[in-house]
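Residue-level structural notes
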Amino acid sequence: MSAVDDAFARVENAFGRDFTPRTPREAVTAIGVTAFVTVVLVVTLIPIVWIVLTSFKEQPSVLRYPPQFVPDFTLGAYAKLFGQTSSMQYSGVDASMAFTSSIVVSLASTAIALALGVPAGYAYARNAGKIGGHHAAFWILSVRMFPPIAPILPLFFIFQNIGLVGTRTGLILLYLTFNVPLVVWLMRSFFRDVPKALEEAAMMDGYSRFQAFYKVSLPMVMPGLVATALLTWIFAWNEFQFALVFGKDTSMTFPVMFIQLHSAQNVLWNQMAALSTLGMLPIIVISVFLQKRLVRGLSLGAVKG
Amino acid sequence: MAKIELDDVSKVYGEGVQAVDDISLTVEDGELLVLVGPSGSGKSTTLRMIAGLEDVTDGEIRIDGEVVNEVQPQNRDIAMVFQSFALYPHRSVRENMSFPLEARGRVQDEIDRTIEETAEVLGISELLDRKPTELSGGQQQRVALGRAIVRDPRAFLLDEPLASLDAKLRKEMRAEVGRLQNDLDATMVHVTHNQEEAMTLGDRIAVMNNGEIQQLAPPEVAYTEPTNRFVAGFIGEPSMNFIVGRIEGDRFVSGDDSIELTLSPQFASADLDGDLTLGIRPEHVSIAEEPGDHTITGSAVVTELLGDAKVVHVDIGGNEYMAKVSPDYDVEAGETVHLHLDPAEHHLFDGVGETAERVTPPDATAPEA
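Just so it is clear, the structure is predicted and the values come from calculations on it, not from any experiment. (Residues numbered from 1 in each chain as written. Chains lettered and ligands numbered in written order. Predicted model: local features only at pLDDT ≥ 70, side-chain atom pairs only at ≥ 80, totals over all residues.)

Here's the deal with the packing of helix H5 (residues 95-127) of chain A against helix H8 (residues 168-192) of chain A
All names here are of chain A. One way to put it is that H5 packs onto H8 with a least axis distance of 6 Å and a crossing angle of 35°. Our pair here, H5 against H8, has a crossing hand that is right-handed. Grouping the constituent residues of the contact of H5 with H8 by class yields 21 nonpolar, 5 polar and 4 charged. (Axes fitted to C-alpha atoms, helices over the stretch in contact; angles between N-to-C directions. Helix = DSSP H or I, 4+ residues; strand = E, 2+ residues; numbered from the N terminus. Left-handed = near helix turned anticlockwise from the far one by under 90°. Nonpolar A, V, L, I, M, F, W, Y, C, P; charged D, E, K, R; others polar.)

What follows is the structure, given as structure tokens:
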């Protein structure tokens with residue numbers, strides 16, 4: 001069975017019906033739907049394909065007109081990013097340092113956001129009254145409601161005074177302000193869908209309050225937790241605004257590197273494309289890898305199981 | 001198995017809601033006690049306090065003589081079956097049943113053996129490797145029972161375990177619960193709002209209303225000698241007919257004078273005045289050809305065929321009364337009907353509200369009542 005047939009079979013299986021058209025009307029519908037999906041896919045995927053192709057070109061062929069569709073298949077852009085032949089205009093930071101920063105900052109902020117947000121979400125789902133009630137929960141969410149640019153200036157002065165500007169710790173803290181509320185709210189709704197009786201059953205079965213949470217509720221929200229972790233991580237991985245202002249030298253994350261590839265003299269399109277490709281890669285790989293759990297997590301609570 | 005004692009137990013929720021009001025009861029070792037009452041009567045709260053899932057506001061709960069008020073649920077060694085079954089959806093039937101055994105640190109061999117045995121008893125051996133969501137309601141119920149039985153607890157608490165099953169299955173599982181309780185000689189507290197379930201299952205039943213125990217007695221006593229008007233109306237299906245009125249000589253006259261009948265002679269020497277309630281069960285009301293001393297007359301409203309019997313609703317002075325008669329009795333709506341109220345089955349309550357207490361016939365028992 002070809003991959004396409006296989007994909008079709010899976011879609012039909014998921015919808016619980018056979019999509020082979022049987023009447024002219026169904027055939028017209030099938031053609032219409034296919035055409036629409038094709039257009040959407042082309043519109044969304046062409047830029048990505050173009051970026052990937054560009055990353056394998058030399059700088060001169062990037063600017064060629066009419067455009068060159070088949071790249072030179074050189075790794076020069078990647079090599080330059082990683083500083084082998086340095087053309088960095090501003091600082092000595094190369095891609096390996098930037099990606100290290102990105103990995104450290106995004107993973108650490110995700111881990112801490114989960115460590116703080118999962119128990120908080122659980123608490124708000126189970127006993128909101130004891131921790132400020134639903135108003136407090138809403139207040140936590142309100143942190144995400146103002147434009148991120150608004151607190152940048154005051155935060156910058158505060159961070160400068162306590163020496164956190166230009167450090168990875170500073171960025172991790174900043175991302176927590178946005179990620180903790182997200183985790184709290186998502187996990188709160190996931191935990192709400194776990195019936196309280198299940199935890200009570202666990203306690204009657206001989207487990208402590210904490211064990212009931214750990215052994216029963218937590219495994220049940222795992223798909224949701226994975227989805228939440230991924231959303232949190234993607235936010236931290238792609239974040240630009242805070243990283244631009246607060247990240248310097250060792251704490252510069254990869255999105256900020258784009259600035260370096262763009263000067264008054266020239267725009268290094270091929271290196272930008274290479275950096276984009278590298279930045280997209282982990283997200284795509286992880287998403288594909290977690291696809292099944294992710295979809296289940298994102299739809300958790302939407303459909304009663 | 002263990003004996004459970006509740007001593008003046010009360011539960012008040014934060015907002016000052018009195019859910020359970022000063023109740024005392026003892027569940028003997030090996031007894032099946034049913035807590036029955038309408039929703040909000042405090043029966044589930046009482047059960048949850050025994051389980052340790054709710055704090056006790058006042059009073060004392062003892063299991064085998066040991067006060068357990070401050071003992072965490074996991075340390076009480078009591079099993080509970082929930083209305084929703086509360087099976088762990090991410091675990092197979094086998095894993096559901098092994099969960100309480102793992103908590104007790106049993107060795108794997110013993111766990112496997114115990115589960116196989118219990119599954120055998122409940123007829124769920126085939127289902128051990130399935131997930132709960134793949135089971136029917138009745139099968140889930142059996143697994144929930146299995147998870148409770150498997151660890152041989154000191155007592156079982158069942159919180160409306162049959163309420164979410166359909167009628168046929170409910171009867172089946174009711175019999176099953178009764179059989180298990182018998183076989184295991186288990187101390188069991190069963191909560192239900194279904195009086196029929198309470199009557200068939202309980203060694204004794206505690207009828208609850210407004211957080212108080214109205215009557216704690218064997219089912220047949222609750223049926224024949226309901227302690228107050230609430231119990232009289234709650235136990236029995238269709239429920240008891242009530243006529244509010246007063247005694248005039250040897251006659252009972254309803255408040256609006258629409259009904260007048262000769263009161264059972266057993267109440268003749270009772271010295272009662274003020275408003276009273278006369279109660280009689282539909283099964284003790286029959287159709288009379290002619291009006292007489294013990295009959296009341298009205299017009300038929302509707303009949304309900306129950307299969308083995310028919311319930312006739314009769315309107316007298318704007319109130320409806322029911323008679324449970326033979327299924328072949330036929331009557332048109334609007335037709336005049338004479339109802340004969342068996343004088344030996346009269347119940348008399350001193351007052352008109354739910355708490356109106358039963359008047360014990362003076363010549364039937366000791367004079368002090």
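Section: the domain arrangement of chain A
Residues and elements named next belong to chain A. By the assigned domains, chain A splits into domain 1 (3-81) and domain 2 (95-298). For domain 1 versus domain 2, the distance between C-alpha centres works out to 30 Å. At the interface, 12 residues of domain 1 touch 10 residues of domain 2. Every element with two or more residues in the side of domain 1 that touches domain 2 is listed here: helix H2 (24-55), helix H3 (59-62) and helix H4 (76-81). Of the residues belonging to the side of domain 1 that touches domain 2, the class tally is 6 nonpolar, 3 polar and 3 charged. (Domains from an automatic or database assignment. Contact = placed C-beta atoms within 7 Å.)

Re the interface of chain B and chain A
At the interface, 17 residues of chain B touch 14 residues of chain A. Mapped by element, the contributors of at least two residues to the side of chain B that touches chain A are strand S6 (78-81) and helix H2 (93-103) of chain B. Here the residues of the side of chain B that touches chain A sort into 13 nonpolar, 3 polar and 1 charged.

Overview of helix H5 (residues 167-184) of chain B
All names here are of chain B. Given a rise of 1.5 Å per residue, 18 residues ought to cover 26 Å, and the 26 Å separating the end C-alpha atoms of H5 matches this to within 8%. What H5 keeps buried is the set Arg-170, Arg-174, Val-177 and Gln-181. Looking straight down H5, one finds its buried side chains confined to an arc of 65°; they lie on one side. Exposed and facing more than 90 degrees away from the buried side of H5 are Lys-168, Ala-175, Arg-179, Asn-182 and Asp-183. Among the structural elements, strand S3 (32-36), strand S8 (188-192) and helix H6 (195-201) are those in contact with the buried residues of H5. (Expected span 1.5 Å × (residues − 1). Buried ≥ 20, exposed ≤ 12 C-beta atoms within 10 Å, placed from the backbone. Arc of directions from axis to C-beta.)

A short note on the sheet that holds strand S9 (residues 204-209) of chain B
Residues and elements named next belong to chain B. Strand order in the open sheet formed by 6 strands is S6-S7-S8-S3-S9-S10, with mixed pairing between adjacent strands. Strand pairing shows two members of the sheet lacking a second neighbour, S6 and strand S10 (212-217), which therefore form its edges. Ignoring which end each strand starts from, the neighbouring axes of this sheet average 15° apart. Direction of pairing for S3 relative to S8: parallel, over a ladder of 5 bridges. The partner of Val-34 across the bridge, within S8, is His-190. (Pairing = 2+ DSSP bridges.)

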